[in-house]
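Coordinates in review
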Amino acid sequence: MLPPLDSDLMRSFLAVADSGSVTRAADYLGRTQSAVSMQIRKLEDSLGQSIFIRQPRGVSLTERGKQLMPYARRVVGLLDEAATALREKPLSGPVRVGIPDEYVQSILPSALASFSQRHPDTQVTVRCDFSAPQLAALSADKIDLAVIYEGYSEDEAEVLAVDPTVWVTSISHSQHLRRPLPISIYFSSDWCRDYALHSLEQIGVDHYFAFECDTSASMRSAVVNGIAVAPLSRSSIPPGCRELTAEDGFTIVDNARVVLRRNPAGTSAAIDAMVVTLRDAFCPLTDGNTGMHS
């Protein structure tokens with residue numbers, strides 16, 4: 001019977017594969033180069049074949065090494081997830097979170113579901129709304145945390161990410177070629193007038209309101225089905241659609257800062273843990289731009 005694969009060997013394998021170098025992997029793992037080399041040899045002996053091609057300036061994966069990668073990531077990921085879940089102190093109590101409609105189907109569902117699973121004694125309540133109503137709910141002590149769009153401000157708001165708003169068209173319908181341009185707008189948001197419509201005026205594009213709605217899901221549907229082009233957060237562009245760039249004659253509507261606001265009335269360990277969850281959820285979007293979106 002073949003010996004089982006050791007998870008510690010898998011972790012060393014990933015470090016070498018990701019860095020492309022035994023030396024850099026050793027620095028990352030806090031081990032000596034010879035110890036990491038020995039672990040890789042042990043793993044290759046266990047598998048009965050090579051997983052790395054040794055090169056003058058590092059290593060690359062063999063075909064068998066490439067096959068091993070997803071399994072190694074899954075094993076190490078599950079171990080890290082288990083360690084985090086079991087070492088965390090039990091949390092309980094309510095956590096009320098306000099989020100923009102743009103992220104209901106993309107970034108936040110898995111993050112919020114994972115939080116509830118890790119902390120079953122918490123009661124997570126999600127409020128989906130525009131930025132202004134969220135701020136009002138925060139002031140009225142109806143929510144504990146608000147993820148909103150906000151321009152530059154003097155106070156020390158925590159910026160979770162920057163997610164530019166861009167004009168989006170369906171690839172198959174190409175509505176952006178029509179004049180006047182059929183556009184979709186939010187009928188209850190001043191942002192459309194102040195930013196989206198203003199961006200079209202700046203580039204001199206004649207337009208008309210082909211679709212009016214109050215949710216980004218409806219806005220995305222209008223684009224996908226070829227009813228109109230729409231201003232959407234870059235991260236929420238639907239499949240089959242694309243951003244309209246300078247090559248198409250369009251400009252970015254705004255460079256939206258996704259900001260986290262906290263209720264000053266109080267906090268709890270559960271709320272603090274949710275803050276960490278939200279930061280992690282938005283990490284992939286983080287960049288250095290600033291701007292506005294309401």
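The following paragraphs examine the structure supplied in this document. Only a predicted model underlies this, so the values are computations on that prediction, with no experimental measurement involved. (Residues numbered from 1 in each chain as written. Predicted model: local features only at pLDDT ≥ 70, side-chain atom pairs only at ≥ 80, totals over all residues. Heavy atoms only, no water.)

1. Details of the overall build of the protein chain
Basically, it comes down to this: The helix count covers DSSP runs of H or I at least four residues long, the strand count covers runs of E at least two residues long, and both are numbered beginning at the N terminus. Throughout, the radius of gyration refers to the C-alpha atoms, and the reference size of a globule is 2.2 Å times the residue count to the power 0.38. Working definition: with a 1.4 Å probe on protein chains only, accessible area under 20% of the residue-type maximum means buried, over 50% means exposed, and in between means partly exposed. Between two residues, a contact is recorded if the distance between any of their heavy atoms is within 4.5 Å.
Scanning the protein chain for helices and strands turns up 9 helices and 12 strands. Its C-alpha atoms give the protein chain a radius of gyration of 24 Å, more than 25% over the compact-globule value 19 Å for 294 residues. Overall, the protein chain is about 70 × 50 × 35 Å in size when its C-alpha atoms are taken along their principal axes. The burial tally for the protein chain puts 43% of its 294 residues in the buried class. By sequence separation, contacts in the protein chain at least 24 residues apart represent 77% of the contacts at least 6 residues apart.

2. Overview of the packing of helix α2 (residues 22-29) against helix α3 (residues 33-47)
Applied cut-off: Whenever a helix is involved, its axis is fitted only over the stretch in contact; in every case the axis is a line through C-alpha atoms, and angles between N-to-C directions fall within 0 to 180 degrees. Put simply, angles under 35 degrees are roughly parallel, angles over 145 are roughly antiparallel, angles from 65 to 115 are roughly perpendicular, and the rest are oblique. Residues are sorted three ways: Asp, Glu, Lys and Arg are charged, Ala, Val, Leu, Ile, Met, Phe, Trp, Tyr, Cys and Pro are nonpolar, and all the rest, Gly among them, are polar.
Two elements in contact, α2 and α3, have axes whose closest approach is 8 Å; the angle formed by their N-to-C orientations is 110 degrees. As summarised for this structure, α2 and α3 are arranged roughly perpendicular, according to the angle between their axes. Note on element contacts: α3 touches α2 through Gln33, Val36 and Ser37, opposite Val22, Thr23, Ala26 and Leu29. A breakdown of the residues in the contact of α2 with α3 according to their chemical character gives 4 nonpolar, 3 polar and no charged.

3. What about the sheet that holds strand β6 (residues 158-162)?
Stated formally: Strands qualify as paired when DSSP identifies two bridges or more between them.
Read from one edge to the other, the open sheet built from 5 strands follows the order β4-β3-β5-β12-β6, with strand pairing classed as mixed. For this open sheet the edge positions go to β4 (122-128) and β6, each flanked by a neighbour on one side alone. Taking each pair of neighbouring strands and ignoring which way they run, the sheet shows an average axis angle of 25 degrees. For strand β3 (residues 93-99) and β4, the ladder comprises 7 bridges, and the chain directions are parallel. When the sheet's bridge partners are listed, Gly98 is paired in β4 with Arg127. Along the sheet, helix α6 (residues 131-139) makes contact with β3, β4, β5 (145-150) and β12 (257-262), crossing β5 at roughly 145 degrees.

4. Some details on the nonpolar core
This is how the line gets drawn: Each nonpolar core is a collection of buried residues, namely Ala, Val, Leu, Ile, Met, Phe, Trp, Tyr and Cys, held together in the definition by side-chain atoms within 4.5 Å.
Counting residues in hydrophobic clusters, the biggest one holds 27 residues, and the most contacted among them are Tyr103, Leu108, Val147, Val258, Met274, Leu278 and Phe282. Listing elements by their share of this core, those giving two or more residues are β3, α5 (108-118), β5, β6, β12 and α9 (269-282). Considering every element that reaches this core, the biggest residue donor is α9, with 8 residues. If near-sequence neighbours (up to four positions away) are discounted, Tyr103 is found in contact with Leu108, Pro109, Tyr149, Asp163, Ser233, Ser235, Val258, Phe282 and Leu285. Judged by nonpolar contacts, the second largest core, of 23 residues, contains Trp167, Leu200, Val205 and Leu244.

5. Regarding the side chain of Ser170
Convention followed: Pairs of N or O atoms are called polar contacts if they sit within 3.5 Å, as long as, within protein, a hydrogen donor faces a hydrogen acceptor (for residues adjacent in sequence, only side-chain-to-side-chain pairs).
Within the secondary structure, Ser170 sits in strand β7 (residues 165-170). Only 2.8 Å separates the side chain of Ser170 from the side chain of His173, close enough to count as a polar contact. Sequence-distant contacts of Ser170, that is, excluding residues within four places in its chain, are made with Val223, Val224, Gly240 and Cys241.

6. Comments concerning the packing of aromatic side chains
Applied cut-off: Between 30 and 60 degrees the pair is tilted, below 30 it is stacked and above 60 it is edge-to-face, where a pair is any two Phe, Tyr or Trp rings, Trp via its six-membered ring, whose centres lie within 6.5 Å.
The tally for this structure, following the rule as stated, stands at 4 aromatic pairs. Taking 6.1 Å as the distance between ring centres and 45 degrees as the angle between the ring planes, the aromatic pair formed by Tyr103 and Tyr149 counts as tilted. Residue Tyr103 is located in the loop between β3 and α5, and its partner Tyr149 is located in strand β5; the two are separated by 46 residues in the primary sequence. With a relative accessible area of 0%, Tyr103 lands in the buried category. Owing to a relative accessible area of 5%, Tyr149 belongs among the buried residues under this scheme. When the centroid spacing of 5.1 Å and the interplanar angle of 85 degrees are considered together, the rings of Tyr103 and Phe282 count as edge-to-face. Placement of Tyr103 in the loop between β3 and α5 and of Phe282 in helix α9 is noted, with a sequence separation of 179 residues between them. Each member of the pair, Tyr103 as well as Phe282, carries the same accessibility label: buried.

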